[in-house]
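Topology and contacts: notes
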Amino acid sequence: MAKVSIACIAYKRGKILIAHRNPTGQMGSRWEFPGGKVENGEDEKLSIVREMEEEFGMKVKVIEKITENTFEHEGKHFELHVYRISVPRMGLIRKYKLTEHTEYKWVNINQIPQDNFVDSDLKVYPDVKKYIENLK
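Residues numbered from 1 in each chain as written. Predicted model: local features only at pLDDT ≥ 70, side-chain atom pairs only at ≥ 80, totals over all residues. Heavy atoms only, no water.

Okay, the environment of Glu51 next. Looking at the secondary structure, you find Glu51 in helix H1 (residues 44-56). Sequence spacing of Glu51 and Asn116 is 65 residues, and the spatial spacing of their C-alpha atoms is 22 Å. Every residue in contact with Glu51, bar those within four places of it in the chain, is listed here: Ile6, Gly35, Gly36, Lys37 and Phe56. Among the polar contacts listed, one links the side chain of Glu51 to the backbone nitrogen of Lys37, at a separation of 3.5 Å. (Helix = DSSP H or I, 4+ residues; strand = E, 2+ residues; numbered from the N terminus. Contact = heavy atoms within 4.5 Å. Polar contact = N/O pair within 3.5 Å; in protein donor to acceptor, adjacent residues only side chain to side chain.)

This part is about the pairing of strand E5 (residues 61-73). Bridge count between E5 and strand E6 (residues 76-86): 11 bridges; the pairing is antiparallel. Residue pairing for E6: His73 is matched across the bridge by Lys76. Remark: 2 residues form the turn of the hairpin made by E5 and E6, two consecutive strands paired antiparallel; Glu74 in that turn has positive phi of roughly 50°. (Pairing = 2+ DSSP bridges.)

On to the nonpolar core, then. Membership of the largest hydrophobic core comes to 21 residues, with the highest contact counts inside it found for Ile16, Phe33 and Val128. The set of elements that each furnish at least two residues to this core consists of strand E1 (3-12), strand E2 (15-21), E5, E6 and helix H2 (119-135). Those residues within four positions of Phe33 in sequence are excluded, and the remaining contacts are Ala7, Cys8, Ile9, Ile16, Leu17, Ile18, Ile112, Phe117, Asp121, Val124 and Val128. The next biggest cluster of nonpolar side chains, apart from the first, holds 19 residues, and it includes Val4, Tyr83, Val87 and Met90. (Core = buried A, V, L, I, M, F, W, Y, C linked by side-chain atoms within 4.5 Å. Buried < 20%, exposed > 50% of the residue type's maximum accessible area, 1.4 Å probe, protein only.)

The end-to-end C-alpha distance of H1, which contains 13 residues, comes to 18 Å, matching closely the 18 Å that a straight helix rising 1.5 Å per residue would cover. For H1, the elements touching its buried residues are E1, E2, strand E4 (35-37), E5, E6 and strand E7 (101-107). Backbone nitrogen of Lys45 and a side-chain oxygen of the N-cap are separated by 2.9 Å at the start of H1; the cap is Asp43. Remark: Gly57 follows H1 within two positions and exhibits a positive phi of approximately 70°. (Expected span 1.5 Å × (residues − 1).)

We now examine the environment of Ser29. Mapped onto the elements, Ser29 comes out in the loop between E2 and strand E3 (31-32). Relative accessible area serves as the criterion here: at 32%, Ser29 is assigned to the partly exposed category. When near neighbours in sequence (up to four residues on either side) are disregarded, Ser29 contacts His20, Arg21, Asn22, Pro23 and Asn116.

Structural data, given as structure tokens:
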């Protein structure tokens, strides 16, 4: 059975939140949609709230599921479930407290292919882009 990871799409003022991973591991120093792994027995929505609290120091609300896809990492199969979330602030005036990332930024959806993004997120990018374009 494939393990489940989640990716969070925070969308405010026409921009999406992306984060730059710490420089460790195979996907280190690459950009990604924030998220993480769903722990055994954990509900996906609770996982999102926990991951965003741990990695950014903020409480979020889960709005809805956008899409899902599969990917392989180090010979293991994963499912990536993508959710839209609501964040209480944009972390610009009062910075987020990062634990797994070196930086973050808010970008236009069309900029994502230009950044050095993790492969698993690029697989869901077309669905995310279509979703965001339908919000406008």
